[in-house]
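Listed below are the residues making up each chain.
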Amino acid sequence: MGSCIICGVDVDGGGRICDPHQEDVVFDYRGNSPDQLVSDRFYRGVVDGYAEFGVFVDLAPGVTGLLHRSELDRRLDSLDWEPGDEVFVQVKGVRDNGNIDLAWSIRQADREFRGVLVQDGDTEFLPEEDGDDAGEEATEDDRATDETTEDVVDETTENEGAVDETTEDVADETTENEGAVDETTEDAADETEGDAADDATGPDETGDADEGESVDAEPVEDATDAEESASSESESPDATDDDEPDELDGDRERVEIGTLSEAVGDAVRIDGEVVGVRQTGGPTVFEVRDETGVVDVAAFVEPGVRAYPDVEVGDAVRIDGEVESHRGDVQVESEALVLLEGEDAESVRRRLAEALTDEARPEGLQPLAGDETVAQLADGLLDAAEAVRRAVLESRPIVVRHPATADGYVAGAAIERAVLPLIRDEHAKSDAEYHYFTRRPLDDPVYGMDAATNDATRMLQDRDRHDEKLPLFLLVGTGSTVESADGIDLLSVYGVDAVVVDAEVADPETREAVDTLVSPEIESVEGDLSTGALVASLASAINDEIRADLRHLPAVSYWAETPDRYVDLARDAGYDVERVAELREAVALEAYYQSYQDKRELVADLLFEDGGNLAAHVSEQFREKLETEVETATANVVTEAVDGVEFDVLDTDGYTHRYDFPPTPLLLDDLHRRRANGEAHATVGIGTDELYIRTSEGVSVRDVAERAAELAPAADVTTAGLREGKIEFLSGERDAVEDAVVAAVAEAF
């Protein structure tokens, strides 16, 4: 039985990683069959070549998988990988024909994982255990050959040479007793393993003595870029002796982290606060922040061993080290690290606090198109903008939740456009934007327990596995009504900060449950705002430098009666009415498919990078699909008049495609706009246990649901969503509910 290299629990079958930590390590694969790969594990690979549909990646000789372009977090042609480059991928699965489906990994360096393991067939072990475990399974002849090879390769390392010589002598004497050979070999390797690790000065010396490889095999690289530079520190008493404090170079002056990109190769000193700690298969990596930025600091004891175990997130530290650049990322290789106390620690925290105060609060709000309704909400919007900017400066992840609608996507994309440049400026790591910003669309405009449970699970895993701070949640176009109370309450249990911005509906009770609530309804501000229009102005306050990119977004967020001020603003930005309509329709179609995915690059291409061809193409598909469904619905609408109100009632179970575009709310919106003739008119779409209401006047869905519950007391009628006019009920009472809702709507008119 083995033990997990991360948590130490026993693992059946001699494995070295437990199930909860499978995705925390990366594997070097040395098998020869795809069937031995384990789904959901991350593997090191080498780019083999490109095709129109993706990238082929070699995981081992003769074992090649496909990373399909749909799995990438960016456009295929934007990848800077070249054939022969080392990359990291996740195995999604192996098909019956042996084809390997790969997924993208945002972690593209060993140091991003908490450990490195070798998988040789069905056996897994640490790279430094390579000589022990692999050698036991080799035949005598292979053992002798491999050991001779090691003598040639490693003859420059005195201790390893001694190991090889001893092992070879033992192998020569084992023709009569193979068991004795194995025992002696293991003893010899065990006696020198610590010395080999202490003498390591490069990636090969932490575990390249692979007794299972042939003479012609290439040495396997299984150390991180950070190890290559940091492993030499294992020779330093400061790096290896935790009992003695590090000694700082008294001659060095502190430099700001924001200037390190200009100091590559220099010996520097930085003071800052630890905002993250992660253990890799090589060094321990500390994320350190000062008033100008964040940088990774690599500290090495020995592979996979936590350096400076007393240093935790939130500590103030002083570090001497050398600035290095690894794959375009600036990093400091630690020579000495000390905890600051007293006045020194207070000085660091004071500088950080002052910088946060100065940088987090925007100077003011300039609403897009000079919208006076938005201007009346300036205080709340500035509070929301400050919360977002402060999260960036504190290295706190930001999670944006929005409905999977055109309006919701416009709002979410506006925030994304504003925040990503701030994260890039703050962090030296090139992939920081994928760690510190997440946009998660919602199938249901209500932020319910399902979404909140998903979010809570993810944030707790990130906190416990990767020492990440709990995120700031920004809910746009959702979370503002009592229907979202349970979800909001779950987040509040963990003390999570939440900001809600919604232009359409809101309940006063929500104000007490979240840190900031921005809503025209709550502030009794009259206007014709969409959430996309309101949030676009918020995004410009977060980052005024991208203001020009946002000018067309408010117009895109409206399906009808777009305010003239936003039509003119879009036109000034180069987007006429036809192109705005194409964008709106294209976003609505793409929002429906893979609704749980953020589609970051695709949405950015549509809204910000597209010259018109992509949106026009997708928009054409939108119109064809919508028109087909509208024709079917129109042919099957039942029309009736009740108390002077004309009703169109559609059986959505019988006459719509429930699992294809368009979604029922979008279909009913379009159907209602086409058939309402200016008189009192209502459209009701009723399914098995839910219905949607559209009215020509401002009828309260809550009031309708309450009245219908009185008329059909056995149906358990409840409001499920104010924004989309959704009511739920017991399926066995469908006919009674239909009659009750029609009567309640007629009374409301």
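Residues numbered from 1 in each chain as written. Predicted model: local features only at pLDDT ≥ 70, side-chain atom pairs only at ≥ 80, totals over all residues. Heavy atoms only, no water.

(A) Local environment of the sheet that holds strand E17 (residues 437-442). Within the open sheet, the five strands sit side by side as E17-E16-E18-E19-E20. Their pairing is parallel. Across the chains shown, the open sheet's two edge strands, defined by having one partner strand only, are E17 and strand E20 (516-518). Neighbouring strand axes in the sheet, compared pairwise and without regard to direction, differ in orientation by 15° on average. Contacts between helix H9 (residues 378-393) and the sheet are confined to strand E16 (398-403), strand E18 (472-476), strand E19 (497-501) and E20, with E20 contributing the most and set at about 135° to the helix. Across the sheet, helix H15 (residues 531-542) is in contact with E18, E19 and E20; its angle to E19 comes to roughly 125°. (Pairing = 2+ DSSP bridges. Helix = DSSP H or I, 4+ residues; strand = E, 2+ residues; numbered from the N terminus. Axes fitted to C-alpha atoms, helices over the stretch in contact; angles between N-to-C directions. Contact = heavy atoms within 4.5 Å.)

(B) How the structure looks around the layout of surface pockets. Here the second largest pocket defines a volume of roughly 990 Å³. If you go around the second largest pocket, you meet 40 residues; those closest to its centre are Arg74, Ser430, Asp431, Glu433 and Tyr434. Breaking the lining of the second largest pocket down by element, the ones donating at least two residues are strand E7 (86-94), helix H10 (406-426), helix H11 (432-436) and helix H19 (600-609). Across the lining of the second largest pocket, the residue classes tally to 16 nonpolar, five polar and 19 charged. (1 Å grid on protein atoms, 1.4 Å probe; cavity = no way out; pocket = protein on both sides within 12 Å on 5 of 7 lines; lining within 4 Å. Points joined across faces, edges and corners; volume = space filled by probe spheres on them. Nonpolar A, V, L, I, M, F, W, Y, C, P; charged D, E, K, R; others polar.)

(C) Fine view of the packing of helix H7 (residues 342-360) against H9. At a closest axis distance of 9 Å, the pairing of H7 and H9 adopts a crossing angle of 140°. Here H9 runs oblique to H7, going by the angle between their axes. For the element pair H7 and H9, the recorded crossing hand is right-handed. Contact residues: Leu356, Thr357, Glu359 and Ala360 in H7; Ala385, Glu386, Arg389, Arg390 and Leu393 in H9. Taken together, the residues of the contact of H7 with H9 sort by class into four nonpolar, one polar and four charged. (Parallel < 35°, antiparallel > 145°, perpendicular 65-115°, else oblique. Left-handed = near helix turned anticlockwise from the far one by under 90°.)

(D) Seen up close, unusual backbone geometry. The omega angle of the peptide bond from Phe661 to Pro662 is 5°, so this bond is cis rather than trans. Even without a glycine there, the phi angle at Asp40 is positive, about 80°. Given the relative accessible area of 42%, Asp40 is considered partly exposed. (Buried < 20%, exposed > 50% of the residue type's maximum accessible area, 1.4 Å probe, protein only.)

(E) Structural detail: helix H18 (residues 577-592). With 16 residues, H18 extends 23 Å between its outermost C-alpha atoms, agreeing within 8% with the 22 Å of an ideal straight helix rising 1.5 Å per residue. For H18, a buried count of 12 out of 16 residues is recorded, marking the element as mostly surrounded by other parts of the structure. Looking at H18, one finds that the buried residues are Val580, Ala581, Glu582, Leu583, Arg584, Glu585, Ala586, Val587, Ala588, Leu589, Glu590 and Ala591. At its buried positions, H18 is contacted by H10, helix H16 (553-556), helix H17 (564-572), H19 and helix H20 (613-636). Downstream of H18 by a residue or two, Gln594 has a phi angle that is positive, lying close to 50°. (Expected span 1.5 Å × (residues − 1).)

(F) Structural detail: the nonpolar core. Ranked by internal contacts, the top residues of the largest apolar core, which has 82 residues, are Ile415, Val419, Val501, Leu529, Leu534 and Ile542. If one sorts the elements of this core by residue count, H10 sits on top with 12 residues. Val642, Val649, Leu722 and Ile727 belong to the second-largest nonpolar core, a separate cluster that totals 29 residues. (Core = buried A, V, L, I, M, F, W, Y, C linked by side-chain atoms within 4.5 Å.)

(G) The packing of H20 against helix H22 (residues 664-675), seen in detail. Two elements in contact, H20 and H22, have axes whose closest approach is 10 Å; the angle formed by their N-to-C orientations is 70°. Between H20 and H22, the interaxial angle falls into the category roughly perpendicular. When the axes of H20 and H22 are compared, the crossing they make is right-handed. For the pair formed by H20 and H22, the contact residues are Phe622, Leu626, Glu627, Glu629, Val630, Ala633 and Thr634 on the first element and Leu666, Leu667, Asp670, Leu671, Arg674 and Arg675 on the second. Grouping the constituent residues of the contact of H20 with H22 by class yields seven nonpolar, one polar and five charged.

(H) Region of interest: empty space enclosed by the protein. This model, assessed by the stated rule, comprises three cavities of 30 Å³ or more. Each pocket or cavity is described by its volume, and for the largest cavity that value is around 70 Å³. Every residue along the wall of the largest cavity is listed here: Pro445, Val446, Thr478, Gly479, Ser480, Thr481, Ser484, Val505, Gly721, Leu722, Arg723 and Glu724. Its residues assigned to classes, the lining of the largest cavity shows four nonpolar, six polar and two charged.

(I) Layout of a negative patch on the surface. On the surface, a cluster of negative charge is made up of Glu363, Asp425, Asp544 and Glu545. Looking at the element boundaries, Glu545 is found in the loop between H15 and H16. (Patch = residues over 30% accessible without salt bridge, like charges linked within 9 Å, V, L, I, M, F, W, Y side chains within 5 Å. Areas by Shrake-Rupley, 256 points an atom, 1.4 Å probe, with all protein chains shown as cover. Salt bridge = Lys/Arg side-chain N within 4 Å of Asp/Glu carboxyl O. Lys, Arg positive; Asp, Glu negative; His and termini not counted. Charge placed at Lys NZ, Arg CZ, Asp CG, Glu CD.)

(J) Just the pairing of strand E6 (residues 63-68), in detail. For strand E5 (residues 54-60) and E6, the ladder comprises six bridges, and the chain directions are antiparallel. Paired with Phe56 across the two strands is Leu66, which belongs to E6. The loop that links E5 with its antiparallel partner E6 comprises two residues; one of these, Gly62, has a positive phi angle of about 80°. With three bridges joining them, E6 and strand E8 (residues 100-104) adopt parallel strand pairing. By the bridge assignment for E8, Gly65 is matched with Ile100.

(K) Here's a closer look at the side chain of Glu291. By secondary structure assignment, the location of Glu291 is in the loop between strand E12 (284-290) and strand E13 (293-299). Beyond its immediate sequence surroundings of up to four residues, Glu291 is in contact with Arg254, Glu256, Arg351, Leu352, Ala355 and Glu359.

(L) Local environment of the environment of Leu102. Here Leu102 shows up in strand E8. For Leu102, a relative accessible area of 1% gives the class buried. C-alpha separation for the pair Leu102 and Leu72, spaced 30 residues apart in sequence, amounts to 10.0 Å. Contacts of Leu102, omitting those with residues within four sequence positions, involve Val57, Leu59, Gly65, Leu66, Leu67, His68, Glu71, Val89, Gln90, Val91 and Lys92.

(M) The packing of aromatic side chains, seen in detail. One pass over the full model with this rule turns up 11 aromatic pairs. Taking the centre distance of 5.5 Å and the plane angle of 20° together, the rings of Trp81 and Trp104 count as stacked. Highlighted residues: Trp81 in the loop between E6 and E7 and Trp104 in strand E8, separated in sequence by 23 residues. On the basis of relative accessibility, which here comes to 12%, the residue Trp104 falls in the buried class. On the numbers, 5.6 Å between centres and 70° between planes, the contact of Tyr592 with Phe661 is edge-to-face. Residue Tyr592 is located in helix H18, and its partner Phe661 is located in the loop between helix H21 (652-655) and H22; the two are separated by 69 residues in the primary sequence. We note Arg107 situated over the ring of Phe42; from NZ or CZ to the ring centre the distance is 4.6 Å. (Phe/Tyr/Trp six-rings, centres within 6.5 Å; stacked < 30°, edge-to-face > 60°. Lys NZ or Arg CZ within 6 Å of the ring centre and 35° of its normal.)

(N) Main features of helix H24 (residues 734-748). For H24, built from 15 residues, the straight-helix expectation of 21 Å at 1.5 Å per residue is met to within 8% by its first-to-last C-alpha distance of 21 Å. Each element contacted by the buried residues of H24 is listed here: strand E21 (638-642), strand E22 (645-651), H21, strand E23 (681-686), strand E24 (690-695) and helix H23 (701-711).

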